[in-house]
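Overview (structure and organization)
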Amino acid sequence: MKRLFGGLAAAAVLAMIPASGTAHHSTAMFEWGKEVPLKNATVLRWEWTNPHTFLYVTTKEADGSEKKWAFEGMSPNHLVRGGWGRRTLKQGDVIDLTYYPLRDGRNGGFNITVTFANGKTIKQIDF
């Protein structure tokens, strides 16, 4: 009987441990699979953070105005395996990129590839 109560107490304690450490958001906010190109983007900031990286860029519009963009990316742990690093992108770099757009129409999405001025392309997924 003592063993039964001990086991039940242990199960109750485990059930109270929050599961938020394993939680992850959905990709439903992106039009996953609809790859869109963005040319001549200038890097504002590259955030090498967990659980996701973030890339902020600007582009010039036909009227000369500047448009700001924000892109989510894979985790640093994943990207390291594909050749990415904390210093892969620097402020002022001019790049071409592809992304899955945000469903709500805001300027941004999920970054898929980056192509540098020298023609080298690196991928966020499927490498």
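The sections below set out a description of the structure shown in this document. (Residues numbered from 1 in each chain as written. Predicted model: local features only at pLDDT ≥ 70, side-chain atom pairs only at ≥ 80, totals over all residues. Heavy atoms only, no water.)

Looking at the nonpolar core
To be explicit about the condition: Working definition of a nonpolar core: buried Ala, Val, Leu, Ile, Met, Phe, Trp, Tyr and Cys residues. They are joined through side-chain atoms within 4.5 Å. Note on classification: 1.4 Å probe, protein chains only; a residue is buried when its accessible area is under 20% of the maximum for its type, exposed when over 50%, partly exposed between these limits. We count a stretch as a helix when DSSP gives it H or I for four or more residues in a row; a strand needs E for two or more, and each element gets its number in order from the N terminus. In this description, contact between two residues means that some pair of their heavy atoms is separated by no more than 4.5 Å.
Membership of the largest hydrophobic core comes to 18 residues, with the highest contact counts inside it found for Leu 55, Val 57, Leu 89, Ile 95, Leu 97 and Val 114. No other element matches strand β1 (residues 36-47), which puts four residues into this core. Sequence-distant contacts of Leu 89, defined by excluding residues within four places in its chain, comprise Val 43, Trp 46, Leu 55, Trp 84, Ile 95, Val 114 and Phe 116. Counting residues in hydrophobic clusters, the runner-up holds six residues, among them Phe 30, Phe 110, Ile 112 and Ile 125.

Here we look at unusual backbone geometry
Between Asn 50 and Pro 51 the backbone carries a cis peptide bond, its omega angle lying at 5 degrees. With respect to the secondary-structure elements, Pro 51 resides in the loop between β1 and β2 (54-60). Its identity as a non-glycine residue notwithstanding, Asn 40 has a phi of 55 degrees, on the positive side. With respect to the secondary-structure elements, Asn 40 resides in strand β1.

Thoughts on the side chain of Thr 115
Put simply, the test is: Any pair of N or O atoms that falls within 3.5 Å is considered a polar contact. Within protein, one atom must be able to donate a hydrogen and the other to accept it, and sequence-neighbouring residues count only if both atoms are side-chain atoms.
Along the chain, Thr 115 falls in strand β5 (residues 108-115). A distance of 2.7 Å separates a polar atom in the side chain of Thr 115 from a polar atom in the side chain of Thr 121.

Observations regarding the packing of aromatic side chains
Here is the rule: In this scheme Phe, Tyr and Trp rings, the latter by its six-membered ring, pair at centre separations within 6.5 Å, and the angle between planes marks the pair as stacked below 30 degrees, edge-to-face above 60, and tilted otherwise. Two thresholds decide whether a charge sits over a ring: the Lys NZ or Arg CZ must be within 6 Å of the ring centre and within 35 degrees of the ring normal.
Taken as a whole and assessed by the stated rule, the structure comprises nine aromatic pairs. Their ring planes at 5 degrees and their centres at 6.1 Å tell us that Trp 69 and Phe 71 sit as a pair that is stacked. We classify Trp 69 as buried; its relative accessible area is 11%. Judged by its relative accessible area of 1%, Phe 71 is buried. Ring pairing ties together the aromatic residues Phe 30, Trp 32, Tyr 100 and Phe 110, which thus form one cluster. A cation over an aromatic ring shows up here: Arg 45 above the ring of Tyr 56, its NZ or CZ 4.1 Å from the ring centre.

Comments concerning the pattern of salt bridges
Applicable threshold: Just to be clear on terms, a salt bridge is a Lys or Arg side-chain nitrogen sitting within 4 Å of an Asp or Glu carboxyl oxygen.
Within the structure shown, the criterion is met by five salt bridges. Between Lys 34 and Glu 31 there is a salt bridge, and its shortest N-O distance comes to 3.4 Å. The exposure class of Lys 34 is partly exposed, given its relative accessible area of 45%. Accessibility expressed as a relative area gives 23% for Glu 31, which makes it partly exposed. A salt bridge links Arg 45 to Glu 47, with the shortest nitrogen-to-oxygen separation between them at 2.7 Å. Exposure remark for Glu 47: the relative accessible area of 24% places this residue in the partly exposed category.

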